[in-house]
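Below, each chain spelled out in residue letters.
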Amino acid sequence: MEIRCHRISGGRARGPALVTKEPISFLGTVDPETGEVVDPRHQLFGRSLRGKVLIFPGGKGSTVGSYVIYQLKKRGAAPLAMINIKSEPIVAVGAIISAIPLVDGVPASLLDLKDGAVVTVDADGEMVRVEGAD
Ligand SMILES: C/C(=C\C(=O)O)CCOP(=O)(O)O
């Protein structure tokens, strides 16, 4: 299945999906050293963002979140790529300064995708590909 999208931060990556229907505030929700979700109130509690294509509706606050994303990248704990329904400036800045591909503008039905589905994010080509979903 191929889905058109809108490039926020360029690049291309392929990996297993990690999906949540909850917005993410990276500060306080994600351990910047390990990539683990440490907020017990979040749907992804106990899961790691490391090496995943992270699919979520968008960010929700703290401005420090951009730097948390940058820390994740520096420590090798970042998502390979991120997909939003609608990106906002905090996640957008974090992705751009960290050179993590980020796209938005995909249909909300992508939030129903099963974890582990293999997803390619081609931000430069403004295309998301989901394997095995045709
Ligand atoms: C949490 C803040 C600073 C810090 O951790 O040093 C302030 C961030 O302000 P927001 O209103 O959460 O963007």
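The numbers attached to residues start from 1 for each chain and follow its sequence in the written order. Predicted model: local features are reported for residues with pLDDT of at least 70 only, side-chain atom pairs are reported and counted for 80 or more only, and whole-chain, interface and lining totals are derived from all residues. For the side-chain quantities, the full set of heavy atoms in the structure was used; hydrogens and water were omitted.

K.L.:
Looking at this model, I keep getting lost on the UniProt feature "domain: Phosphomevalonate dehydratase small subunit-like" (unreviewed entry) in the chain. Mind explaining?
P.N.:
Sequence positions flagged by UniProt for "domain: Phosphomevalonate dehydratase small subunit-like" (unreviewed entry) are, in local numbering, residues 24-103. The helix count covers DSSP runs of H or I at least four residues long, the strand count covers runs of E at least two residues long, and both are numbered beginning at the N terminus. The span residues 24-103 shows a helical share of 30% and a strand share of 12%, and its end C-alpha atoms are spaced 15 Å apart. UniProt positions are given in the numbering used here, feature names are shortened, and annotations may be inferred rather than shown by experiment.

K.L.:
What exactly am I supposed to notice about the side chain of Thr29 here?
P.N.:
Along the chain, Thr29 turns up in helix H1 (residues 26-29). Only protein chains enter the accessibility calculation, which uses a 1.4 Å probe; a residue whose area is less than 20% of its type maximum is buried, one above 50% is exposed, and one in between is partly exposed. Residue Thr29 is classed as buried on the basis of its relative accessible area of 7%. Pairs of residues are marked as contacts when any of their non-hydrogen atoms sit within 4.5 Å. Aside from chain neighbours lying at most four places away, what touches Thr29 is Ile24, Glu36, Val37, Val38, Asp39 and His42.

K.L.:
Even after reading the chapter, I still don't get the sheet that holds strand E2 (residues 6-9), so can you show me in this structure?
P.N.:
Neighbouring strands of a sheet are bound in pairs by backbone hydrogen bonds; such pairs are parallel or else antiparallel. The sheet built from eight strands is open, its strands ordered E1-E8-E7-E3-E4-E5-E6-E2 with mixed pairing. This sheet does not close on itself; its edge strands, each paired only once, are strand E1 (2-4) and E2. Pairs of neighbouring strands in the sheet enclose a mean axial angle of 30°, with direction left out of account. Pairing between E2 and strand E6 (residues 102-104): three bridges, direction antiparallel. Note on E6: the bridge partner recorded for Arg7 is Val103. Each pair of strands is called paired provided DSSP finds at least two bridges between the two strands. Note on geometry: axes are C-alpha line fits, over the in-contact stretch for helices, and angles between N-to-C directions span 0 to 180 degrees.

K.L.:
Teacher, can you tell me more about the site of the ligand here?
P.N.:
The environment of the ligand is made up of Leu27, Ser62, Thr63 and Val64. In the model, an oxygen atom of the ligand is placed 2.9 Å from a nitrogen or oxygen of the Ser62 side chain. Here a polar contact means two N or O atoms within 3.5 Å. Within protein one must be a hydrogen donor candidate and the other an acceptor candidate, and residues neighboring in sequence count only if both atoms are side-chain atoms. Take Thr63: an N or O atom from its side chain is 2.6 Å from an oxygen atom of the ligand. We call a residue near a molecule or strand as soon as one heavy atom of that residue lies within 4 Å of the molecule or strand.

K.L.:
Would you mind going over the pattern of salt bridges with me for this structure?
P.N.:
Pairing between side chains becomes possible if they bear opposite charge and their charged atoms approach one another. One side-chain nitrogen of Lys or Arg within 4 Å of one carboxyl oxygen of Asp or Glu is enough to make a salt bridge. All chains considered together, the criterion is met by eight salt bridges. The partner of Arg7 in a salt bridge is Asp124, and the shortest N-O contact between them spans 4.0 Å. Taken as a pair, Arg7 in strand E2 and Asp124 in the loop between strand E7 (118-122) and strand E8 (127-130) lie far apart in primary sequence, 117 residues in all. Across the salt bridge formed by Arg41 and Asp39, the nearest N and O atoms sit 3.1 Å from each other. A relative accessible area of 72% places Arg41 in the exposed class.

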